[in-house]
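Residue-level listing of the chains:
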Amino acid sequence: MTEQHENSKDVLVRADHVKVYFKGKDKKSGTVRAVDDVSFDIFKGETFGVVGESGCGKSTLGRTLIRLINPTDGHVYLDGEDISSLRGNDLKQMRKKAQIIFQDPSACLNPRRTIRQILMEPFEIHHLTGKIDVNARIEELLHLVGLDTYHLSRYPHEMSGGQKQRIGIARALALNPQIIICDEAVSALDVSVQAQVLNLLQDLKKRLGLTYFFISHNLNVVYQVSDRVGVMYLGKMVEIATYDQLYEKRYHPYTEALLSAIPQVDASEQKERIHLSGEVPSPSNPPSGCRFHTRCPKACERCSCDTPELREIEPGHFVACHLYD
Amino acid sequence: MNQAETILEIKDLCVEFRTMAGTVHAVDHLNYTLHRGEKLGIVGESGSGKSVSSLAMMQLIPNPPGKITGGQILYRSQDLTKLSEREMRGIRGNEISMIFQEPMTSLNPILRCGKQIAESLRLHRGMKKKEAMDEAIRMMQAVGIANPAVRAYEYPHQMSGGMRQRVMIAMALACQPQILIADEPTTALDVTIQAQILDLIRHLNETMKTSVVFITHDLGVVSELCDTVIVMYTGHIVEQAPVREIFDNPLHPYTQGLLSAIPKITRERNPLSTIEGMVPNPTDKITGCSFWPRCPYATERCKQEEPPVFSAGENRKVRCWRYDNLNETTGGSDND
C-alpha cells in the first residue's frame, strides 16, 4: 500500500492551514479552537487514520474535509477543487464525491423508513431515480456489504448493530464517492462484529478503489486499517507518518504516551507505560507554545513559549516537537 | 488463592426477564466464587448477561420485568436473595458497592459532588454533616482529585468525564466496602484517563484489600488488571481461568474467536479473523450448546446436548464438549 502512493502521489484531499473556531455564546465562554491551523494531504487510494483523545478536534476536522462544517480559515481541496467556497449546485455536486459513516448506526438511520427507502434517498436527492436502474443498484449495494435483498423491507429496529452499520456503509457507497469519512465507524460495535465490519471496509476499499479518512480514539483499530496515521492533540496535528514508520519509531512524546496507555492482550506487546498526569486542557484556552507541554514528560522551557511547527524529519514522517530541531 | 477467604459465592443463579417477545434467560445457572482481595474480570459481548449478573448481586434487577428465579448469592454465608429491602440497603453502598459506566447519568446533577459522597457516610456510618464532608474531601483526595476542598462544592456538570468517574469511585469506596463491582467503568473514557483510573483501582485493591469484580468487553483491560477471568456467552460462563492462561491458551472456541478478533498492533497486518454470525436473539431457544451455530468445531453432539462444565486444571473451567475427556465438575460445589 505504501509503495503504491509513493509511486503515484495523487493527492485527493488537501487541507491547507485549516482552522475551525466555534464562537461561544457570550464573551466569558470564549472561542473554542477545535481545529487550529492543520495542513496535510490525503492520497488517492489510501486510508488516512486519525487518532486523539476526545475533544482534540478529529471529528470536526473530518467533517470540515467534506464541508459539513465550514472552515473559519484556510482551504480544503477535493480532487484539485477548492471546496471551502462552493455554493448552491456546485456544493451539491461535490457531495456525491464525499460521504461519511457515523458512529452510532441506530441514530443515523430514520426509524420510520424501511431499508429500501433509506437507500433510495441518495438517488432521489440527486434526481437519479429515472436515469439509472435504482432498484438494481440498491440490490447491488446490499450484496456489496454482505446483506440480502429480503432486508430491504425491514426497518432499522429489526436489525442488529452490525447490520445497521452495514446499511450506513451501503448508503455511503450509493453514489460512488471518492472519499469516505469513517467517524468512529466501529466504536459502538462488539469485538466480534467490529472485526467483521473492519474486514468489510478493507475489502470494499480494494474492490472499489476507495479512499478513507478513518477517525477513531482506538489506536489499535486505526493501526489495523491505516496506511498513514495522523495524531491530533488539542486541534493540532502533532505527528503524521506511514504505518511502518510509526510502528518502528514514534517521535512525538504524546504519540508514545497514547500508545503505551492502551492495555494490550498480549503481554509481550505491552509497551512500558508512560504516565500522563492530568487531563486534556480546555480547547477554548489552550496552553501557550506547544499545547502538550503541560502534560509532556520531556517538556523544556522553550516548549511553553514557542509553538513547534510540523516538520518532516524523515521522508514522509512529520513531527511537531522541539526535541527534534 | 486457595487459602484466601471466600467472600462471595454465587450458586446456580438464574435471572429471567419476561418480555412481550418471550422470556429471556439473561443469566442461566451462574456459578462462581470471589475471594478476599481478588480481582475478577467478567468479559462478554453485549447481551451476554455480565451486567445483569452484577445487578443481581446488588439486588437491583428491575422487577417487573426482571426476576431472580433461582440460586443463591452468598455474601459471607448470608444469602442476599433472601434479604428484605431494608436489610439490603444496609449492605448496598456499605459492604458491596458499584461503579457504573456513565458517570454523568449516575451522579445527581443537582447535588454538589462532596455531598453525594458524604451521603453514604452519613447513612451507613452515622456521621455528622461536617464530619462526613471532611471524610468526603479526604476520599476525593485519595482518588486523585486535585484541590478536593474546592471541587467537593462543585456540581457534576462542572467536572470532566474522568473527574466524574473519580467521584463515583470515591462514593463507592467511602464506606470501605468489601466488594467493589465496576461495570464498564472506563468504557466512556479516553485511554490516557482509563490508564489513570485502572491504576487507581489497582492501588485501592492493594491498600484496602477490596475484592473487585470488573465487568468489561475490553480484553486488554482484563489482561492488565485482573487475576481471574470469566468469559460469558448467552448467560452462561463458557470459560474461567487465571488471567495469563486464558490469553496464552484459550480453550473455548468462543474465547479463541474473541481473542483473534481484537485488532493488535503488530508488524504484519492480516485481516482480522472473525466469529461467524452474531449473538443470538435472547428470546431464541437454542438446543444443545448455545454457541454451536457460530462454532467452527460444532458436532452433532453439540447441537443435541448441552455441555456441562469441565474442569481443565487448577482454577480452570470450560463449558465445551471438546474437553469431555476431562473431569466434569458439578455446579458450584467445586473447590476452587
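Up top you'll find the structure we're talking about.
What you see is a predicted model, and the numbers here were worked out from it, not measured in a lab.

Asks: I'm lost on the overall build of chain A in this one. Help?
Replies: A tally of regular secondary structure across chain A gives 10 helices and 12 strands. Across its three principal directions, the C-alpha atoms of chain A cover 65 × 50 × 45 Å. Across the 325 residues that make up chain A, the buried fraction comes to 54%. Looking at chain A alone, contacts between residues at least 24 apart form 64% of all its contacts between residues at least 6 apart. When the accessible surface of chain A is summed, it comes to about 14200 Å², and 46% of that surface belongs to carbon and sulfur atoms. Here chain A holds 40 positive side-chain charges and 42 negative ones, and the gap between their average locations is 6 Å.

Asks: Quick question: what am I supposed to make of the interface of chain A and chain B here?
Replies: When the parts come together, some accessible area is lost, and that loss is often what is quoted as the size of the interface. Facing the 40 residues of chain A at the interface are 41 residues of chain B. Summing both partners gives a buried area of about 3500 Å² for chain A against chain B, and 52% of it is carried by carbon and sulfur. For the pair chain A and chain B, the number of links is one salt bridge. A salt bridge links Glu224(B) to Arg273(A), with the shortest nitrogen-to-oxygen separation between them at 3.0 Å. Counting across the interface, chain A meets chain B through 12 residue pairs in polar contact (both at pLDDT 80 or more). Those elements that place two or more of their residues in the side of chain A that touches chain B are α7 (191-208), α8 (219-225), α9 (243-248) and α10 (253-260) of chain A.

Asks: I keep staring at helix α5 (residues 134-144) of chain A and nothing clicks. Help me out?
Replies: Since one α-helical turn is 3.6 residues long, residues separated by three or four positions face the same way. Residues and elements named next belong to chain A. Within the span of α5, buried status applies to Val134, Arg137, Ile138, Leu141, Leu142 and Leu144. All buried residues of α5 project into a common sector of 160 degrees when viewed along the axis, lining one side. Looking at the buried positions of α5, the neighbouring elements they touch are α4 (115-125), α6 (161-173) and α7. Directly after α5, the chain includes glycine 146, whose backbone phi takes a positive value near 80 degrees.

Asks: Can you help me understand the pairing of strand β8 (residues 211-216) of chain B in this one?
Replies: Residues and elements named next belong to chain B. Most of β8 sits inside the fold, with six of its six residues counted as buried. On β8, burial covers both faces: Ser211, Val213 and Ile215 on one face and Val212, Phe214 and Thr216 on the other are all buried. As paired strands, strand β3 (residues 39-43) and β8 are joined by five bridges and run parallel to one another. Counterpart to glycine 41 in the pairing with β8 is phenylalanine 214.

Asks: Whenever I open this one, the side chain of Asp79(B) confuses me. Can you help?
Replies: All names here are of chain B. Note on placement: aspartate 79 falls in strand β5 (residues 78-79). You can call aspartate 79 buried: its relative accessible area is 11%. In terms of polar contacts, aspartate 79 uses its side chain to reach the backbone amide nitrogen of isoleucine 73, at 3.2 Å. The residues contacting aspartate 79, other than those within four sequence positions of it, are Gln72, Ile73 and Leu74.

Asks: What is the right way to look at the packing of α4(A) against α5(A) in this model?
Replies: For any two helices packed against each other, one specifies the inter-axial angle together with the distance between the axes. Residues and elements named next belong to chain A. Packing of α4 against α5 leaves a shortest axis separation of 10 Å and a crossing angle of 115 degrees. The crossing of α4 and α5 is right-handed. Across from Arg116, Leu119, Met120 and Phe123 in α4, the residues of α5 making contact are Val134, Asn135, Arg137, Ile138, Leu141 and Leu142. Each residue belonging to the contact of α4 with α5 can be placed in one class, and the counts come to seven nonpolar, one polar and two charged.

Asks: Would you mind showing me how to read the sheet that holds strand β3 (residues 47-51) of chain A here?
Replies: As a general point, the strands of a sheet are linked pairwise by backbone hydrogen bonds and lie either parallel or antiparallel. Residue and element names in this part refer to chain A. Spatial ordering of the open sheet is given by β6-β7-β8-β3-β9-β10-β12-β11, a layout of eight strands whose pairing is mixed. Sheet topology places β6 (98-101) and β11 (311-314) at the edges, where each strand pairs with a single neighbour. In this sheet, adjacent strand axes meet at a mean angle of 25 degrees when their direction is disregarded. Sheet topology note: the strand β7 (residues 179-183)/strand β8 (residues 211-215) ladder contains five bridges and is parallel. Pairing of aspartate 183 across the sheet is with isoleucine 215, part of β8. Each of β3, β6 and β8 touches α7; the most contacted strand, β8, lies at about 155 degrees to it.

Asks: Would you take a moment to explain a positive patch on the surface for this structure?
Replies: A cluster of like positive charges, contributed by Arg112(B), Lys115(B), Arg122(B), Lys128(B) and Lys129(B), occupies part of the molecular surface. Here Lys115(B) lies in helix α4 (residues 113-125).

Asks: Sorry if this is basic, but what is going on with the pattern of salt bridges here?
Replies: Once the charged atoms of two side chains with opposite charge are near each other, the side chains can pair. By the definition in use, this model includes 31 salt bridges over all chains. Across the pair Glu121(A) and Arg113(A) runs a salt bridge whose closest N-O atoms are separated by 3.4 Å. Note on Glu121(A): relative accessible area 31%, which makes it partly exposed. The salt bridge involving Asp306(A) is made with Arg302(A); its shortest N-O contact spans 3.3 Å. Judged by relative accessible area, Asp306(A) falls into the partly exposed class, the value being 34%. Exposure remark for Arg302(A): the relative accessible area of 36% places this residue in the partly exposed category. Through salt bridges that share partners, Arg273(A), Asp199(B), Arg202(B) and Glu224(B) make up one connected network.

Rules used in this analysis
- Residues numbered from 1 in each chain as written.
- Chains lettered and ligands numbered in written order.
- Predicted model: local features only at pLDDT ≥ 70, side-chain atom pairs only at ≥ 80, totals over all residues.
- Heavy atoms only, no water.
- Helix = DSSP H or I, 4+ residues; strand = E, 2+ residues; numbered from the N terminus.
- Buried < 20%, exposed > 50% of the residue type's maximum accessible area, 1.4 Å probe, protein only.
- Contact = heavy atoms within 4.5 Å.
- Areas by Shrake-Rupley, 256 points an atom, 1.4 Å probe, with all protein chains shown as cover.
- Lys, Arg positive; Asp, Glu negative; His and termini not counted.
- Charge placed at Lys NZ, Arg CZ, Asp CG, Glu CD.
- Buried area = accessible area lost by both parts, 1.4 Å probe.
- Salt bridge = Lys/Arg side-chain N within 4 Å of Asp/Glu carboxyl O.
- Polar contact = N/O pair within 3.5 Å; in protein donor to acceptor, adjacent residues only side chain to side chain.
- Arc of directions from axis to C-beta.
- Pairing = 2+ DSSP bridges.
- Axes fitted to C-alpha atoms, helices over the stretch in contact; angles between N-to-C directions.
- Left-handed = near helix turned anticlockwise from the far one by under 90°.
- Nonpolar A, V, L, I, M, F, W, Y, C, P; charged D, E, K, R; others polar.
- Patch = residues over 30% accessible without salt bridge, like charges linked within 9 Å, V, L, I, M, F, W, Y side chains within 5 Å.

Worth remembering: the numbers are spatial, not functional.
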